[in-house]
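Summary of the model geometry
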Amino acid sequence: MAPARQLEILLIDDSPADVRMTQLALETAGIPNRLHVVETGEKGLMFLLQDGEYAAAPRPDVVLLDLKLPKASGFSVLSAVRSHRRMKDLVVVVFTGSSLQRDEAQSYRSNANLFMTKPAGLEAYVAAMRRIHALIEPSAR
Amino acid sequence: MVRTPARAVTPPLRYAAATALIAALYFVAAKLALALAIPPGYATAVWPSSGIALAGLLLAGGRHWPGIWIGAALANFTIQYSLPVAAAIATGNTLEACIAAALVQRSLGVPHHFSRGEDVVRFVAIAMVACAVAATMASSALGAAGFIAWSDFLPHWWTWWQGDLAGIVIITPLVLGWTAKQEFAWSHERIFECAMFSLVLGAVLLAVFGADAAARATWALSFLLLPLIVWAAFRFSQREVTTASAALCGYAVWQTVGGNGPFVAHSVNISLLLLQAFLSTVVATGLVLSAVLEERRRAMERLQHAHDEMEHFVHVAAHDLQEPLRTVINFADLLDNRNRLRLGDEAREFLGYIVSGATRMQRMLRELLAFAQVERGELRTMRVDCENALAVAQENLKAVLDESGAVVTHDPLPAVSSDPTHMEILFQNLIANAVRFRGTAAPRIHVGAKLEGGYCVLSVTDNGIGIDPGDFEAIFNMFRRLHGSDRYPGTGIGLTICKRIVERHKGRIWLESRQDAGTTFHFTMPAA
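In this report, the structure presented in the accompanying data block is examined. Note that the structure is predicted; figures quoted are calculated from it, not measured.

Once that is clear, we can look at the overall build of chain A. Check the secondary structure of chain A and you find five helices and five strands. Reading chain A from its N end, one meets helices and strands in the order β-α-β-α-β-α-β-α-β-α. Here chain A holds 141 residues, and the buried ones make up 49% of them. If you sum the accessible surface of chain A, you get close to 7,000 Å²; carbon and sulfur atoms cover 50% of it.

See below:
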């Protein structure tokens, strides 16, 4: 059996606690990954366009996008991604602390692939990571 | 109510200009009024100059009183051609304006519009007092100089007093209203409505005053003008109300002088009396109504604002507080999970309490958020099929229902006039409670419906542990629970949300229950 390939994940989130949790949950779930982290929407877009300091950045398999970001909001990043020809086919998961229905509706209206509320508790977090993994590699278990 | 600060030193040129303007306006208004005087007397139905004088002093400052004196003296001199009489009358009018201005400023500031009913009453009361001064001086001077007989003193005084009073009450709010900053939004609809209003007002005025005075039918028609003032008060700002009143009064005076309309009587005094009574009623109604409506509008705005702020606060608190809480839960969980071997039993026990406490808090916050969303959300009302709503609720509770082996049955359920999300929440919360507070047997839940009048009474019956009648009120309180959370989970806000939803749809919610004998919750919704 060929070794599972490493997932390139771009995490756009400004909360160190949530970033660490994501990292640990991926590890616990046994999902091989390279986790790239940026704290602002602007840096996220630069990464995706391989601009400036991110010239050598790989194309991510999935973008985990928080909604509450310092300057540009998550929604504005989402629109920017969906309207750029080089970025519009990326898999974007809105991964936010918000459980509001209107945020979910807005995310799908802006063509996010998935909307997930950040769960509480390791088990739930691991399940969330597995769900995201299944989104990208349906054959993965 | 607008309070303007006392003016500082005015440069002499500005002072002279303002004073001259007041004098000129007073004179012109006086001549206009005299042209419309009912011959042969010197008293008129309305003396607009009084209104201009008071408005002028309120806007420019009490120091400009010489303008009034000059204008009044000149105007009256051109009637009687007697210097002492003109001087006396002028003094009376000046005193009237000064006293009124001083009293108004002390109690109301400069009222560009009246924002309370009692402010209108105060204003009229002050005017009544001030006009008495002018009426007394004028009637005395004219009597002493022989221009009127002493036997006519009282009727003359009364007419003078009424005329000045009408002038102040009609003209002063009008001038102040037009010199104020407008906050009223003029949309296309409003402009159209205003045009319509003007047309209707014009038509009614023509009808009332156009006919021959002998045609008694016009008497009844004059009452039509009151609803028109009410229309203006409800739909436009005070500025429009005072303008409509002034236009109405002006036209009424003009027509009555010309011998038209219902107020023309065989005696001049009777005519004046009738006309003034009519004018006072119309103007007073308009002002008071408009002020009271303004008061109500402000109160509702303040209330709405406070309500919105409260809502926003709850929303922000519930939403933003979840993030740090999530961090606590996550890392306590991680600590426990990744250090199983290194931590002792006690440490793991303590971590357990941390996680469960934080998790409960998170659930409470989420429910508080749900409650706030029920509160602040716009109320949608549409035809809702209760069977659909019930099916959705059952679907949402699938895991809980399967796990407890619950069986949910229902009568044929009607359609109601409500919000579909609200109906789903109602069914979901009541059924979740029924499952949660079950006895030893598997939960059996039945949803029934009855139509009573225009209302649908829905009921959710269970075979659970029941509720003591003494607790019937308490269970609807926020976060109030009757049992410990280890035995029966739940945050205690489910029923609070149900009650709030039912209340928002103007319904009632109540229950029947006995300890260990099951519970039935009833609630009403308007039938579709």
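The discussion continues.
So, about the sheet that holds strand 3 (residues 62–65) of chain A. Residues and elements named next belong to chain A. Spatial ordering of the open sheet is given by 2-1-3-4-5, a layout of five strands whose pairing is parallel. Strands with a single pairing partner mark the edges of an open sheet, and in this sheet they are strand 2 (33–38) and strand 5 (114–117). Each adjacent strand pair in this sheet contributes to an overall mean axis angle of 20 degrees, direction not counted. As defined by bridge partners, strand 4 (residues 92–96) adjoins strand 5 across four bridges and the pair is classed as parallel.

Facing the 17 residues of chain B at the interface are 21 residues of chain A. Counting the contacts that link chain B with chain A gives three salt bridges. The shortest N-O distance in the salt bridge between arginine 326 of chain B and aspartate 18 of chain A comes to 3.0 Å. Remark: the boundary between chain B and chain A carries four residue pairs in polar contact (both at pLDDT 80 or more). In terms of residue class, the side of chain B that touches chain A is made up of four nonpolar, eight polar and five charged.

This part covers the nonpolar core. All names here are of chain B. Among the nonpolar cores identified, the biggest contains 81 residues, and Ile170, Leu201, Leu225, Leu248 and Leu279 are the most heavily contacted of them. At 12 residues, the largest contribution of residues to this core is made by helix 6 (residues 153–178). With residues near it in sequence (within four places) discarded, leucine 248 still touches Leu201, Leu205, Leu225, Ile229, Phe278 and Val282. Counting 41 residues, the second-largest nonpolar core is a separate cluster that includes Leu426, Ile475, Phe476 and Ile493.

Bringing the packing of aromatic side chains into the picture now. Residues and elements named next belong to chain B. Going through the model one piece at a time under the given rule, you end up with 15 aromatic pairs over all chains. Each ring, one from phenylalanine 114 and one from phenylalanine 123, has its centre 5.1 Å from the other, and the planes form 55 degrees; the classification is tilted. In terms of burial, phenylalanine 114 and phenylalanine 123 fall into one category: buried. Considering the side-chain rings of phenylalanine 209 and phenylalanine 263, the 6.0 Å spacing of their centres and the 45 degrees angle between planes classify their relative orientation as tilted. Here phenylalanine 263 lies in the loop between helix 10 (238–257) and helix 11 (268–320) and phenylalanine 209 lies in helix 7 (residues 188–210), a separation of 54 residues in the sequence. With a relative accessible area of 0%, phenylalanine 209 lands in the buried category. Each member of the aromatic cluster is reached from another via a ring pair, and the members are Phe209, Tyr251, Trp254, Phe263 and Phe278. For arginine 239, the ring lying beneath its charged end belongs to tryptophan 178, and the centroid distance is 4.2 Å. For the cation-ring pair, arginine 508 lies above tryptophan 510, with the distance from its terminal atom to the ring centre recorded as 4.3 Å.

What follows concerns the sheet that holds strand 7 (residues 519–526) of chain B. All names here are of chain B. One open sheet accounts for five strands, arranged 2-4-5-7-6; its pairing is mixed. Taken across any chain shown, the strands that pair with only one partner, and hence form the sheet edges, are strand 2 (407–410) and strand 6 (509–513). For this sheet, the mean angle separating the axes of adjacent strands, direction not counted, is 20 degrees. Pairing geometry for strand 4 (residues 444–452) and strand 5 (residues 455–462), over seven bridges, is antiparallel. Following the sheet pairing, lysine 450 is matched in strand 5 by valine 457. Those strands touched by helix 17 (residues 494–504) are strand 6 and strand 7, and its axis lies near 30 degrees from that of strand 7.

Turning to the environment of isoleucine 445 of chain B, a few remarks are in order. All names here are of chain B. Relative to the helices and strands, isoleucine 445 resides in strand 4. We classify isoleucine 445 as buried; its relative accessible area is 1%. Note: C-alpha distance between isoleucine 445 and threonine 520 (75 residues apart in sequence) is 9.5 Å. Once residues lying within four places of it in the same chain are set aside, the contact partners of isoleucine 445 are Val407, Val408, Thr409, Ile431, Ala434, Val435, Val460, Thr461 and Asp462.

Attention shifts here to the packing of helix 4 (residues 83–108) of chain B against helix 6 of chain B. Residues and elements named next belong to chain B. Put simply, helix 4 and helix 6 touch, their axes get as near as 13 Å, and they point 45 degrees apart. Between helix 4 and helix 6, the angle is such that the two are oblique. Judged by the sense of rotation from one axis to the other, the crossing of helix 4 with helix 6 is right-handed. On helix 6, the residues that touch Ile89, Asn93 and Glu96 of helix 4 are Trp160, Asp164 and Ile168. Split by residue class, the contact of helix 4 with helix 6 holds three nonpolar, one polar and two charged.

All names here are of chain B. Secondary-structure assignment places glycine 490 in the loop between strand 5 and helix 17. Linking glycine 490 and phenylalanine 437, residues 53 residues apart in sequence, is a C-alpha distance of 9.7 Å. In contact with glycine 490, other than residues within four places in its own chain, are Arg436 and Arg481.

Attention shifts here to a nonpolar patch on the surface. Residues and elements named next belong to chain B. Taken together, Trp65, Trp69, Ile70 and Leu74 make up a surface patch of nonpolar side chains, about 380 Å² in accessible area. In this structure, tryptophan 65 sits in helix 3 (residues 65–80). Owing to a relative accessible area of 42%, tryptophan 65 belongs among the partly exposed residues under this scheme.

Further remarks concern the pattern of salt bridges. Here the structure, examined in full by the defined rule, presents 23 salt bridges over all chains. The salt bridge involving aspartate 336 of chain B is made with arginine 348 of chain B; its shortest N-O contact spans 2.8 Å. Of this pair, aspartate 336 of chain B sits in helix 12 (residues 322–338) while arginine 348 of chain B sits in helix 13 (residues 345–376), and the two are 12 residues apart along the sequence. Classification of aspartate 336 of chain B as buried rests on a relative accessible area of 16%. Taken together, the shared-partner salt bridges connect Asp13, Asp18, Asp66 and Lys118 of chain A together with Arg326 of chain B into one network.

Further remarks concern the side chain of threonine 172 of chain B. All names here are of chain B. Assignment of secondary structure puts threonine 172 in helix 6. The class for threonine 172 is buried, based on a relative accessible area of 0%. Residues contacting threonine 172, with those up to four places away along its chain left out, are Gly51, Leu54, Ala55, Leu58, Phe123 and Gly167.

Here we take up helix 7 of chain B. Between its first and last C-alpha atoms helix 7 of chain B spans 32 Å; for 23 residues at 1.5 Å apiece the expected length is 33 Å, and the two agree. For helix 7 of chain B, the complete set of buried residues consists of Glu193, Phe197, Leu201, Val204, Leu205, Val208 and Phe209 of chain B.

What follows deals with unusual backbone geometry. Of note in the backbone geometry, asparagine 111 of chain A takes a positive phi value of approximately 65 degrees without being a glycine. Structurally, asparagine 111 of chain A can be placed in the loop between helix 4 (101–109) and strand 5.

Parameters and conventions
Residues numbered from 1 in each chain as written. Chains lettered and ligands numbered in written order. Predicted model: local features only at pLDDT ≥ 70, side-chain atom pairs only at ≥ 80, totals over all residues. Heavy atoms only, no water. Helix = DSSP H or I, 4+ residues; strand = E, 2+ residues; numbered from the N terminus. Buried < 20%, exposed > 50% of the residue type's maximum accessible area, 1.4 Å probe, protein only. Areas by Shrake-Rupley, 256 points an atom, 1.4 Å probe, with all protein chains shown as cover. Pairing = 2+ DSSP bridges. Axes fitted to C-alpha atoms, helices over the stretch in contact; angles between N-to-C directions. Contact = heavy atoms within 4.5 Å. Salt bridge = Lys/Arg side-chain N within 4 Å of Asp/Glu carboxyl O. Polar contact = N/O pair within 3.5 Å; in protein donor to acceptor, adjacent residues only side chain to side chain. Nonpolar A, V, L, I, M, F, W, Y, C, P; charged D, E, K, R; others polar. Core = buried A, V, L, I, M, F, W, Y, C linked by side-chain atoms within 4.5 Å. Phe/Tyr/Trp six-rings, centres within 6.5 Å; stacked < 30°, edge-to-face > 60°. Lys NZ or Arg CZ within 6 Å of the ring centre and 35° of its normal. Parallel < 35°, antiparallel > 145°, perpendicular 65-115°, else oblique. Left-handed = near helix turned anticlockwise from the far one by under 90°. Patch = residues over 30% accessible without salt bridge, like charges linked within 9 Å, V, L, I, M, F, W, Y side chains within 5 Å. Expected span 1.5 Å × (residues − 1).

What is shown is where atoms sit, not what they do.
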